[in-house]
Amino acid sequence: MKSTTSAKLRGFRYLLASTAACIAVSPALAQGTDTGEDVIVVTAQQRAQSSQDVPISLQVLDSEFIDALAADDMGDLDAFVPGLDVSNGSPTQPRYSIRGISTSDFGVGTDPAVGIYVDGIYAARSGASLLAFNDIQRIEVLKGPQGTLFGRNSAAGAVSIITREPSDALEGRVAVRLGSNNRIRTEAMINIPITDTLAVRANFLGNKADGWLTDDVTGEDYRREDSSADRITVRWNATPSTEILLRHSRDSIDQDARPAIGIVNLPASPGTPPLPVDTASYLNPFGAPLRNDVVFNREARDLAETTLTIRQDIGAITLTSLTSWREFDTMNREDEDGTNRIDTYFDTSNVEDNEAFYQEFRLAGTSGPVDWLVGASYYDETAIQASETYTFTDTVNTVLGNIGAGTPFTDLEYGLLVPFGLPFTMLGHSWAENMNNRGEFTARAVYADMIWSVTDRMNVSVGLRYTEDEKSFQWLNGPRVANGLDQTLAALDGAGILALAGASPNDFLFDFVFDLTPLAGVACDNGVNVGEGVPCILEDSWNNLSPRLVVDYQLTDNIMVYGSFSEGYKAGGYNSVEVGSRFENETVTSWEFGFKSDFLDPDLIFNMSAFSYVYEGKQSIRLVVPTGGGVPQYLVQTSDDEAVGVDIELDWQASDALRLHGNAQWIDSTHKRRTDSNGADLAGEPTGEPFWNIAFGGEYVIGFANDSELTFQANHAWHGESRCNSQSVLQGTCGGYDAFATGEARNRTDLRARWTAPDGALTVSAFVNNVFDNQYVEGVNNITASTLGTPFASISTPRVWGVEFGYDF
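Below: a short report on this structure. No experiment lies behind these values; they were computed from the predicted model shown.

Another point: the side chain of Glu-699. Position of Glu-699 relative to the elements: it lies in strand E31 (residues 692–703). Although Glu-699 is buried, it forms no salt bridge, and the closest oppositely charged side chain is Arg-659 at an N-O distance of 5.3 Å. One polar contact links Glu-699 to Gln-713, side chain to side chain, over a distance of 3.1 Å.

This is the structure in structure tokens:
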């Protein structure tokens, strides 16, 4: 049965009633006043505050929790943050989602819906958003639109990563982790106070591991890792009221690209997989042979960034300046057919080169009962992307035959060249097609936010941000590159052989991936029409006002209730592989009501919030087969979504030795307006988000007479079953087949034991992640299913284990 808006509103009212009931019960738990326990300080509102005083649904992950999970990046943590999803199968092209809101297009023509910030600096491109954890202090995951405080492209929420700053003490750390798949991870940090006002902190991280998948034909390993990162930070207290922080960081990866596990049986050559694909005959990816033959399988990134933070106290006002220069380049060349046959060979490569400058000025102060801040920011980015495809004339011939366009290559090969013993071949020649993009993006914003203490128990927060975006975007698709074929055709034409077959070299000068013929006559803003070899440029500008209004009230010394209204904004943009496409702004309007409670006896934190949102103008990409056949294209589709949900957080220090914690999210996310690729109305159908995501865990500390400690930590995450609709089934992200299922519920259990020496300097740890070795099919990729009959799948990471030795001084 389809959900309706009225039903969704009734559900939201029920959630509000449940929240109110919890608030009513909570005072019974309070037997003391919050006066002494550890306080988690966050900057979610661009101010240093206790996390329990912030009227925003957020989850804070400290360095100890990151270590407990042996996490290398955000993709290792998302399972334990209900509502956050990070797909890190390709680290140069990750996708972030918060509360079911994400961006499915990784092209440079569009922006993410989740803002990623490192030390307050915005990471615009997905290629630079999944970085190694290197001397991290904490991570703040803010759920819901953060358009006012964080700015553009945080319509779903924000992930704020805070690194450690230099301290006034001489300190250091060295650590090594050894584990499964011959993993060796080394880490080193040194903090040196040079003078009373100058300190330097430097750290380095290296991480290598062998692969955990093996090619059944070549014996080559896949999923090998090789990454490194380093950072040097200088802190100078130039005057008693001036602090200057200069950071330079580097992050590099060079590893295998995502392998493709073919899930159809391959007939003996020269037979090719039948079309249409019979899903009932799919192979189970966990038992199917892995056969990849990418000419240059590689995923790599080199990133460098320099940031300058200046904090200047001017009387009771603090001026903060944030300046950043970032540059990175990436490449990711992947197998797209899951076979090792030249007549079904197809691979793609995404190559990016990016430079970005960011400047923000912020003034903050207190005037009577008002805590205020105002600011302005400027962002400038140049993004260059090449979407490259590689194949062979054998595969082009297969595709043409499968779409009913004949088999010209084998016709010439076996009808003319071979019978007459001519020293030429039409097969085995490489064939490349590229789409090149260049984007010039500028964004300006001004904002203001204030927290007004109406009474000693009631605060009203009001904020507004005005943003202007200007974008210029170019597509350039040159002719296909097949030098060997062209030389053969020229020789055959010169000898009069092509004429015998009634053909000419021009008959083979076509694109079958980036065919622009259907777009002939489409006008570009630079005075030309779409065409091969012709740069097409579009230029647009957008603006937005993002408000927020929050009221919080301290019911008791232990319980705060709050309600909020906020909006988030994502600028319009372009599909990097759909020439001449443009789309407008995306906006998220959200309401949230909740409470935060904090008690001493029992030592308990219990937070809960109910939320709803409407997501208008959502842009997503889907695989669409061109009319008349051909390679499927990623095309943009616009829709509106809506959702209601609840976030729950519980943290209980049951005793001096035992601490328990848990987080959960329930969400009902549905399409408000959308049609699938077959024209079916999806209004009221689920977007794919599961109803429930739950994470819980605990730690137990055993103290010994010599003051050493043994700490046991356990964490479990459960990700509910995806809620399918017809589009998600077509796209291969949700649904069941005879041999396997996609989108099924997931479980992950992690265990860790750590011994700490009496002086706290030496630690020895052992851990197992995914203890029960639960693996899942992460989706079926159909990019070559309709043309080559070669769908393929990916699978999740198996169990990993390791030991770690650390020494702090």
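Having seen the model, we can carry on.
Regular strands place side chains that alternate from one sheet face to the opposite one. As judged from the 18 bridges shared by strand E23 (residues 430–453) and strand E24 (residues 458–476), these two strands associate in the antiparallel manner. If you follow Ala-443 over to E24, its bridge partner there is Asp-469. The antiparallel hairpin formed by E23 and E24 contains 4 residues in its connecting segment. Inspection of the sheet shows E24 paired to strand E25 (residues 536–554) by 18 bridges, in the antiparallel sense. Opposite Val-460, over in E25, you have Val-551 as the bridge partner.

Turning our eyes to something else, we now look at the sheet that holds strand E7 (residues 114–118). Paired through backbone hydrogen bonds, the strands of a sheet run either parallel or antiparallel to each other. Pairing in this open sheet of 5 strands is mixed, and the strands run E3-E9-E10-E7-E8 from one edge to the other. Of all the strands in the sheet, just strand E3 (58–62) and strand E8 (121–123) have a single pairing partner and so form its edges. Averaged over all adjacent pairs, the angle separating strand axes in this sheet is 20 degrees, with direction ignored.

Before going further, it helps to spend a moment on the packing of aromatic side chains. The tally for this structure, following the rule as stated, stands at 20 aromatic pairs. For the pair Tyr-345 and Phe-392, a centre-to-centre distance of 5.1 Å together with 75 degrees between the ring planes defines the contact as edge-to-face. Separated by 47 residues along the polypeptide, Tyr-345 in the loop between strand E20 (317–335) and strand E21 (346–367) and Phe-392 in strand E22 (residues 370–392) bring together distant segments of the chain. Summarising the burial analysis for this pair, Tyr-345 and Phe-392 share the class buried. Centre to centre, the rings of Phe-595 and Phe-606 are 5.4 Å apart; their planes meet at 80 degrees, and the pair counts as edge-to-face.

This part is about the layout of surface pockets. Its volume calculated, the largest pocket comes out at about 1,200 Å³. If you go around the largest pocket, you meet 42 residues; those closest to its centre are Ile-40, Val-60, Asp-62, Asp-651 and Arg-659. Here the residues of the lining of the largest pocket are counted per class, giving 15 nonpolar, 13 polar and 14 charged. Estimated volume of the second largest pocket: approximately 780 Å³.

Further remarks concern the state of the cysteines. Tallying each qualifying case throughout the model produces 2 disulfides. In this model Cys-524 forms its disulfide with Cys-536; the gap between the sulfur atoms is 2.0 Å. The S-S bond linking Cys-524 to Cys-536 shows a torsion near -110 degrees; that makes this disulfide left-handed. With a gap of 12 residues between them, Cys-524 in the loop between helix H6 (497–500) and E25 and Cys-536 in strand E25 connect regions that are remote in the sequence. Each member of the pair, Cys-524 together with Cys-536, is buried.

To continue, consider the packing of helix H3 (residues 393–402) against helix H4 (residues 408–417). Taken N-terminus to C-terminus, the directions of H3 and H4 make an angle of 115 degrees; their axes are 7 Å apart at the nearest point. On the basis of the axis angle, H3 is roughly perpendicular to H4. Judged by residue contacts, Thr-393, Val-396, Asn-397 and Leu-400 of H3 engage Pro-408, Phe-409 and Thr-410 from H4. When the residues that make up the contact of H3 with H4 are grouped by side-chain class, the tally is 4 nonpolar, 3 polar and no charged.

A grouping of Asp-302, Glu-327, Asp-329, Asp-353 and Glu-355 is seen on the molecular surface, where their side chains present a negatively charged patch. If you list the elements that add at least two residues to the negative patch, you get E20 and E21. Residue position: Asp-353 is located in strand E21. The class for Asp-353 is partly exposed, based on a relative accessible area of 40%.

With that out of the way, let us pick up the environment of Gly-789. Mapping Gly-789 onto the fold places it in the loop between strand E37 (777–781) and strand E38 (792–795). Gly-789 sits in the buried class, given a relative accessible area of 2%. Here the alpha-carbon distance between Gly-789 and Ala-356, two residues 433 residues apart in the chain, equals 41 Å. Beyond its immediate chain neighbours, meaning those up to four positions away, Gly-789 contacts Val-264, Pro-273, Pro-274, Leu-275, Val-277 and Thr-784.

For the rest of this paragraph, the subject is the sheet that holds strand E6 (residues 101–102). Spatial strand order, E4-E5-E6: 3 strands in an open sheet with antiparallel pairing. Among the strands making up the open sheet, the edge pair consists of strand E4 (84–87) and E6. Taken together, the 4 bridges between E4 and strand E5 (residues 95–98) define a ladder with antiparallel strand orientation. What sits directly across from Asp-85, in E5, is Ser-97.

Moving on, we get to the nonpolar core. Soluble, globular proteins show a tendency: their nonpolar side chains are buried together. The biggest cluster of nonpolar side chains holds 40 residues, and the ones touching the most others in it are Phe-409, Met-426, Trp-431, Trp-475, Leu-485 and Val-579. For this core, the elements supplying multiple residues, two or more each, are H3, H4, E23, E24, helix H5 (483–494), H6 and E25. The element that contributes the greatest number of residues to this core is H4, accounting for 4 residues. Excluding residues within four positions of it along the chain, Phe-409 makes contact with Thr-393, Val-396, Asn-397, Leu-400, Met-426, Leu-427, Trp-431, Leu-485 and Phe-508.

What counts, and where the lines are drawn
Residues numbered from 1 in each chain as written. Predicted model: local features only at pLDDT ≥ 70, side-chain atom pairs only at ≥ 80, totals over all residues. Heavy atoms only, no water. Helix = DSSP H or I, 4+ residues; strand = E, 2+ residues; numbered from the N terminus. Buried < 20%, exposed > 50% of the residue type's maximum accessible area, 1.4 Å probe, protein only. Lys, Arg positive; Asp, Glu negative; His and termini not counted. Salt bridge = Lys/Arg side-chain N within 4 Å of Asp/Glu carboxyl O. Polar contact = N/O pair within 3.5 Å; in protein donor to acceptor, adjacent residues only side chain to side chain. Pairing = 2+ DSSP bridges. Axes fitted to C-alpha atoms, helices over the stretch in contact; angles between N-to-C directions. Phe/Tyr/Trp six-rings, centres within 6.5 Å; stacked < 30°, edge-to-face > 60°. 1 Å grid on protein atoms, 1.4 Å probe; cavity = no way out; pocket = protein on both sides within 12 Å on 5 of 7 lines; lining within 4 Å. Points joined across faces, edges and corners; volume = space filled by probe spheres on them. Nonpolar A, V, L, I, M, F, W, Y, C, P; charged D, E, K, R; others polar. Disulfide = S-S within 2.5 Å. Parallel < 35°, antiparallel > 145°, perpendicular 65-115°, else oblique. Contact = heavy atoms within 4.5 Å. Patch = residues over 30% accessible without salt bridge, like charges linked within 9 Å, V, L, I, M, F, W, Y side chains within 5 Å. Areas by Shrake-Rupley, 256 points an atom, 1.4 Å probe, with all protein chains shown as cover. Charge placed at Lys NZ, Arg CZ, Asp CG, Glu CD. Core = buried A, V, L, I, M, F, W, Y, C linked by side-chain atoms within 4.5 Å.

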